[in-house]
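The residues making up each chain are set out below.
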Protein chains: 2
Amino acid sequence: MLEEYDFDLSHVTSLIKEKHAKVVGLQFPDGFRREALRISGEISQNTGVRCVISANSCFGACDVDTGLLKSADIMFQFGHAEIPNITVADTHFIEARSLTPVLPVIKQAISEIPDHIGLISTAQFVHTLTDVQKYLADHGITGVIHHGDKRIAYPGLVLGCNFSAAAPNCDEYLYIGTGDFHALGVALATKKPVRIVDPVIEEVRMPDVDRMLRKRCAAIERSLDAQAIGVIVSTKIGQCRKELAFDLCAMAEAHGMNAHILMMDLVTPDALRAFNLDAFVNTACPRIATDGSAGFPAPMLTPVEFEVVIGERRWNDMVFDEI
Amino acid sequence: MLEEYDFDLSHVTSLIKEKHAKVVGLQFPDGFRREALRISGEISQNTGVRCVISANSCFGACDVDTGLLKSADIMFQFGHAEIPNITVADTHFIEARSLTPVLPVIKQAISEIPDHIGLISTAQFVHTLTDVQKYLADHGITGVIHHGDKRIAYPGLVLGCNFSAAAPNCDEYLYIGTGDFHALGVALATKKPVRIVDPVIEEVRMPDVDRMLRKRCAAIERSLDAQAIGVIVSTKIGQCRKELAFDLCAMAEAHGMNAHILMMDLVTPDALRAFNLDAFVNTACPRIATDGSAGFPAPMLTPVEFEVVIGERRWNDMVFDEI
């Protein structure tokens, strides 16, 4: 099925006119980058402004291109919901809601869904949760939509770094969306089963939690003899956990390790290769350790995993890293 | 020969103490990155501060890690001379002078050196120019050390983007340093021969100017039918030529092209691959087009080369892009 999204350009246009902007910054995550030139052209044509497209990567509302913002009167980031406790002046989040209908795949899954279930989704599908809830109610199922913490804009919305919208009193969750990562995060954070219903490929599946846990255990095992570690801090506005990094460094040193703080924007294997370190502890986006750690020159741990490595936390108390 | 450099850590230590800094930022270009952990450890030990190492790339004094600077009380960038007309508060440039003697290779080249020659070098060897000048004088040769424009900290210093220290009244230049790029830049900027004397590998050679010109001609030829171009602007503090980019865009549009401004920190093939464009015009570091354009998904032009493409400049008037 062709994925289609509502980029809400009339809203974008009216905000530009309201602000009397002359230079407009545009940010897109990788998945929407192929639409960038078309959207930019359309905005320029509608409003007469000069658009400037960020060609840096963009991983979430935590990742505002502040460099571009210095040169723009207003900026729009497409594809992400705002993070309410991180506000950046003149930056607006255009969520790019999916136009793909979700009920067909729910219908397909209905016989497997238990009577009481937590509903979760990403920015592309979170607007469908109340429709899903109604549809489930019609079939005698209670779908719980829970409001997460202050990092979360909508009830039921999960981020790659925050699963607080997974309702605490549920034995199972239904994730409406694409990809496995968010569902995996909720499964690891809650230790409860999560069923993925993917409206785009019309598939119902369970994320492979064991495989992820095995990989995390392997990273911990490979770090047990580490003598010199690098603690990574991000300069991205919503990912910067500097105090945590300083604390982890002090903790490592108290355990006789050499610890170095490495600060960076984009965390890549290439950027870390020149440093001859035995392990990395990542305080930036948790997905870097759990989702994208292949290729790094040494094991990449989350802060909680590092506590396990140095014996400050028991294996059983290991949780998913959240911001 | 093992390359050795003076990182002037006693000067670093005294600046840290003077400022009563608690958190110290450190930047290294790729070539010095392998020294980062040792230098960081030594600074911490001498002063008791917490060092934070930038793991972002660093290409010159134009490339200050302003993200890290927000978290540091003082920052040191190693390996580059300051750019006098770009000052960044609390940022100091530690030049890392090479300890490799230069006279042996000059001695080796002496019979080939004409009677009157301009002397040029990079930050690693520019401190040797007066010694070289004396040695040449002893052999009846006049070595001219010229002071460049306001972007240049020392007489005779050339940057990858600025060759104004090449003395105007010379028929030939002697470049003391490693690599070919700076010599190539001077050769193209002045249209005069440049002799490289490389103290590290003790070699005398001429840069391959024709090969570079052929590559630039090929990039221009491949861009002649471009309909849609991307004009790249850097967010790096000393590379941001926004006004030039806007002018180039307007110029492209006046010639019936679609032009898009792409703003970014690090200019990589990966970052540009998602945009389906026929050519790029790079207003960031000139070396990106001339030194590292292989792998980009479309030809990468300098602003002057783009003027040739659209017929606003004659081939014969083509010069090297300088900032």
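Residues numbered from 1 in each chain as written. Chains lettered and ligands numbered in written order. Predicted model: local features only at pLDDT ≥ 70, side-chain atom pairs only at ≥ 80, totals over all residues. Heavy atoms only, no water.

Participant: Please clarify how the nonpolar core should be interpreted in this entry.
Facilitator: Note that soluble globular proteins tend to have their nonpolar side chains buried in a common cluster. If you look at the biggest cluster of nonpolar residues, it comprises 81 residues, and the most contacted ones within it are A:Ile229, A:Phe306, B:Leu136, B:Leu174 and B:Ile176. Per-element accounting of this core gives the leading share, six residues, to helix α6 (residues 181-190) of chain B. Once residues lying within four places of it in the same chain are set aside, the contact partners of B:Leu174 are B:Ile106, B:Ile113, B:Ile117, B:Gly118, B:Leu119, B:Ile120, B:Leu136, B:Arg195 and B:Val197. Within the second largest apolar cluster, 80 residues are counted, among which are A:Ala72, A:Phe320, B:Ala259 and B:Phe306. (Core = buried A, V, L, I, M, F, W, Y, C linked by side-chain atoms within 4.5 Å. Buried < 20%, exposed > 50% of the residue type's maximum accessible area, 1.4 Å probe, protein only. Helix = DSSP H or I, 4+ residues; strand = E, 2+ residues; numbered from the N terminus. Contact = heavy atoms within 4.5 Å.)

Participant: I would appreciate a short explanation of the packing of aromatic side chains in the present structure.
Facilitator: Aromatic rings in a pair are described by how distant their centres are and how their planes are angled relative to each other. Residues and elements named next belong to chain A. With the rule as written, the count across this model stands at 14 aromatic pairs over all chains. Ring centres 6.4 Å apart and planes at 50° place the aromatic pair Tyr5 and Phe7 in the tilted group. Judged by its relative accessible area of 15%, Tyr5 is buried. When the ring of Phe7 is compared with that of Phe32, the centres are 5.3 Å apart and the planes differ by 85°; the resulting orientation is edge-to-face. Separated by 25 residues along the polypeptide, Phe7 in the loop between β1 (5-6) and α1 (9-19) and Phe32 in the loop between β2 (23-27) and α2 (36-47) bring together distant segments of the chain. Both residues of the pair, Phe7 and Phe32, belong to the buried class. (Phe/Tyr/Trp six-rings, centres within 6.5 Å; stacked < 30°, edge-to-face > 60°.)

Participant: Can you help me understand the interface of chain B and chain A in this one?
Facilitator: Each partner contributes residues to the interface: chain B has 36 residues there, and chain A has 36 residues. For the pair chain B and chain A, the summed buried area comes to about 2,900 Å², and 63% of that belongs to carbon and sulfur atoms. Of all residues in chain B, B:Leu37, B:Arg50 and B:Met263 bury the most surface against chain A, accounting for 23% of the area lost on that side. Inspection of the chain B/chain A interface yields two salt bridges. A salt bridge links A:Glu253 to B:Arg50; the shortest N-O distance between them is 3.0 Å. Among the elements of the structure, α2 (36-47), β3 (50-54), α3 (66-69), α8 (242-254), β13 (258-264) and α9 (269-273) of chain B are those that each provide at least two residues to the side of chain B that touches chain A. Tallied by class, the residues present in the side of chain B that touches chain A amount to 22 nonpolar, eight polar and six charged. The pairing of strand β3 (residues 50-54) of chain A with β13(B) spans three bridges and is parallel. Considered in β13(B), the bridge of A:Val52 is made with B:Ile261. (Buried area = accessible area lost by both parts, 1.4 Å probe. Salt bridge = Lys/Arg side-chain N within 4 Å of Asp/Glu carboxyl O. Nonpolar A, V, L, I, M, F, W, Y, C, P; charged D, E, K, R; others polar. Pairing = 2+ DSSP bridges.)

Participant: In this structure, what is going on with the domain arrangement of chain A? I would like to understand it.
Facilitator: Often the size quoted for an interface is simply the accessible area lost on bringing the parts together. Residues and elements named next belong to chain A. Annotation of chain A at the domain level lists domain 1 (5-97), domain 2 (103-207) and domain 3 (210-317). The gap between the C-alpha centroids of domain 1 and domain 2 is 28 Å. Between domain 1 and domain 2, the contact holds 14 residues from the first and ten residues from the second. Summed over the shared surface of domain 1 and domain 2, the result is zero salt bridges. At the surface where domain 1 touches domain 2, the tally comes to five residue pairs in polar contact (both at pLDDT 80 or more). Tallied by class, residues from the side of domain 1 that touches domain 2 come to eight nonpolar, three polar and three charged. (Domains from an automatic or database assignment. Polar contact = N/O pair within 3.5 Å; in protein donor to acceptor, adjacent residues only side chain to side chain.)

Participant: Got a minute to help me understand the packing of helix α6 (residues 181-190) of chain A against helix α7 (residues 209-223) of chain A in this structure?
Facilitator: When two helices pack together, their arrangement is given by the angle between the helix axes and the distance between those axes. Residue and element names in this part refer to chain A. Interaxial distance between α6 and α7 falls to 10 Å at its minimum, and their mutual angle equals 75°. Here α6 is positioned roughly perpendicular relative to α7, judged by the angle of their axes. Contacts between α6 and α7 involve Phe181, Leu184, Ala187 and Leu188 from the former and Val209, Met212 and Leu213 from the latter. By residue class, the composition of the contact of α6 with α7 is seven nonpolar, no polar and no charged. (Axes fitted to C-alpha atoms, helices over the stretch in contact; angles between N-to-C directions. Parallel < 35°, antiparallel > 145°, perpendicular 65-115°, else oblique.)

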